[in-house]
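# Breakdown of the fold
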Amino acid sequence: GCAPPRRCGVMQKLNRGSRGTGSPLRDQVTRDGNLTSASLDALIQHLIPTTDYYPEVTYIFTFLLSSRLFIEPHELLSRVCHKCIEQMKALEAATLAARIRKFGPKILQLLTEWTETFPYDFQEERMIGHLKDMIHRIAPCDEAYWKKMNQLLQTLNQKLATLSHGQEGIVKISAAVSDKLVAFKSKAPSIQREILSVCSDPYTLAQQLTHVELERLSHIGPEEFVQAFVHKDPLDGTKTCFSEQKKTSNLEAYVKWFNRLCYLVATEICMVTTGRR
């Protein structure tokens, strides 16, 4: 991947009083109380909770979404986990268990929001490895954390299984559509049927198309919209930043579905005879 620039812009609005004394953001540029840019390391530090600070949900989403253009998700999670451990060690508590009880809930909350919002990141083994490492550091000190962490993993595994099943379905559908297009082009026009001969009720047809639409949309992760427009590395005109992370199959499948639907509508209009108008 390409080296991150010195400063990284974020489209994130922060209220003047929302950062609190515990927010460790530095090297930042603000305008009218809005954070406009900061060094990558400062933005990562701003993501790390403290005893009296937790990043805004909108900041977490914005940074996790845009940071993948500058740093790979597994590297970001590794740095976040390392900084969380350092933050926990800095607490003035007598025992490790006391420190975890004081800081653990915020770590758990941050990891939960990441796994729920960007589950595709955790299809990579290195991401799961960092996540399990944090679990083994926190969970053994408290049975309640152990249960919560296990629940987090179970929920993530279920979501990944659903996403994987959806991706397999996309591959099968794409193959079937290609075969049908070949067969369709070889048929005589008289054999081709109007859509209302298959489903005569327009309301039912609209419902079924809506179900298909929502099912396709449900598999698209927000990161795909960012990865779809990744620009080439200005230092290397032949390579994009983190090209191995550019996975946009769900978005591409939805675009193909949309195009097929548009063609279907246009075809149905063109198939109407003059006498039926």
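Going by the annotation in an unreviewed UniProt entry, the name recorded for the chain is RasGEF domain family member 1C, with Apteryx owenii given as the source organism.

### Considering the overall build of the chain
Across its full length, the chain carries 10 helices and three strands. Counting from the amino terminus, helix and strand elements in the chain follow one another as β-β-β-α-α-α-α-α-α-α-α-α-α. Here the chain, with 277 residues, has 39% of them falling under the buried criterion. Taking as baseline every contact in the chain between residues at least 6 positions apart, the subset at least 24 positions apart corresponds to 66%. Carbon and sulfur atoms make up 57% of the accessible area of the chain, which amounts to about 16400 Å² in all.

### What to know about the packing of aromatic side chains
Tallying each qualifying case throughout the model produces three aromatic pairs. Between Phe-61 and Phe-118 the ring centres are 5.7 Å apart and the planes differ by 20°, which places this aromatic pair in the stacked class. Taken together, the residues Phe-61 in helix α2 (residues 57-66) and Phe-118 in the loop between α4 (96-117) and α5 (125-138) connect sequence positions 57 residues apart. Owing to a relative accessible area of 35%, Phe-61 belongs among the partly exposed residues under this scheme. Seen in terms of ring centroids, Trp-114 and Phe-122 are 6.2 Å apart; in terms of plane orientation they differ by 75°. Their pairing is edge-to-face. Taken individually, Trp-114 and Phe-122 each receive the classification buried, so the pair is uniform in this respect. In this structure, Arg-68 is placed above the aromatic ring of Phe-118, and the distance from its NZ or CZ to the ring centre is 5.0 Å.

### A short note on the state of the cysteines
Disulfides are covalent bonds that connect the sulfur atoms of two cysteines. Per the counting criterion, the structure on display carries zero disulfides. Free cysteine Cys-84: the closest other cysteine sulfur is in Cys-81, separated by 6.4 Å.

### Digging into the nonpolar core
Counting residues in each nonpolar core, the largest one holds 47 residues, and the members touching the most others are Val-80, Trp-114 and Phe-122. Secondary structure elements with two or more residues in this core: α1 (40-47), α2, α3 (73-89), α4, α5 and α6 (143-186). Each residue touching Val-80, except ones within four places of it in the same chain, is listed here: Ile-44, Leu-47, Ile-48, Leu-110 and Trp-114.

### Comments concerning the packing of α2 against α4
Between α2 and α4, whose axes approach to 11 Å, the crossing angle comes to 55°. When the axes of α2 and α4 are compared, the pair comes out oblique. Note on packing geometry: the crossing formed by α2 with α4 is right-handed. Residues Val-57, Ile-60, Phe-61 and Leu-64 of α2 pack against Leu-110, Glu-113, Trp-114 and Thr-117 of α4. A per-class count over the contact of α2 with α4 returns six nonpolar, one polar and one charged.

What counts and what doesn't
- Along each chain, numbering runs from 1 in the same order as the chain's sequence is written.
- Residue-level local features of this predicted model are given only where pLDDT is at least 70; pairs of side-chain atoms are given and counted only at 80 or more, and the full residue set underlies all totals for whole chains, interfaces and linings.
- No hydrogens and no water enter the side-chain calculation; it runs on all heavy atoms of the structure.
- Numbering of helices and strands starts at the N terminus; helices are DSSP runs of H or I of at least 4 residues and strands are runs of E of at least 2.
- Only protein chains enter the accessibility calculation, which uses a 1.4 Å probe. A residue is then buried if its area is under 20% of the maximum for its type, exposed if over 50%, and partly exposed in between.
- Residues count as neighbours in contact if any of their non-hydrogen atoms are within 4.5 Å of one another.
- Computed with a 1.4 Å probe, the accessible areas rest on the Shrake-Rupley method; for each residue, only the protein chains presented here act as cover.
- Aromatic pairs are defined between Phe, Tyr and Trp rings, using the six-membered ring for Trp, whenever the two ring centres lie within 6.5 Å; interplanar angles under 30 degrees are classed as stacked, those over 60 as edge-to-face, and all others as tilted.
- To sit over a ring, a charge needs its Lys NZ or Arg CZ within 6 Å of the ring centre and within 35 degrees of the ring normal.
- The disulfide criterion is simple: two cysteine sulfur atoms within 2.5 Å.
- The term nonpolar core refers to a set of buried residues drawn from Ala, Val, Leu, Ile, Met, Phe, Trp, Tyr and Cys, joined through side-chain atoms within 4.5 Å.
- Orientation is described by lines fitted to C-alpha atoms, with helices fitted over the stretch in contact, and by angles between N-to-C directions that extend from 0 to 180 degrees.
- We call two directions roughly parallel when the angle between them is under 35 degrees, roughly antiparallel when it is over 145, roughly perpendicular when it lies between 65 and 115, and oblique otherwise.
- By convention, the crossing between two helices is left-handed when the near helix turns anticlockwise from the far helix through less than a right angle, and right-handed when the turn is clockwise.
- Under this grouping Gly is polar, as are all residues other than the nonpolar Ala, Val, Leu, Ile, Met, Phe, Trp, Tyr, Cys and Pro and the charged Asp, Glu, Lys and Arg.

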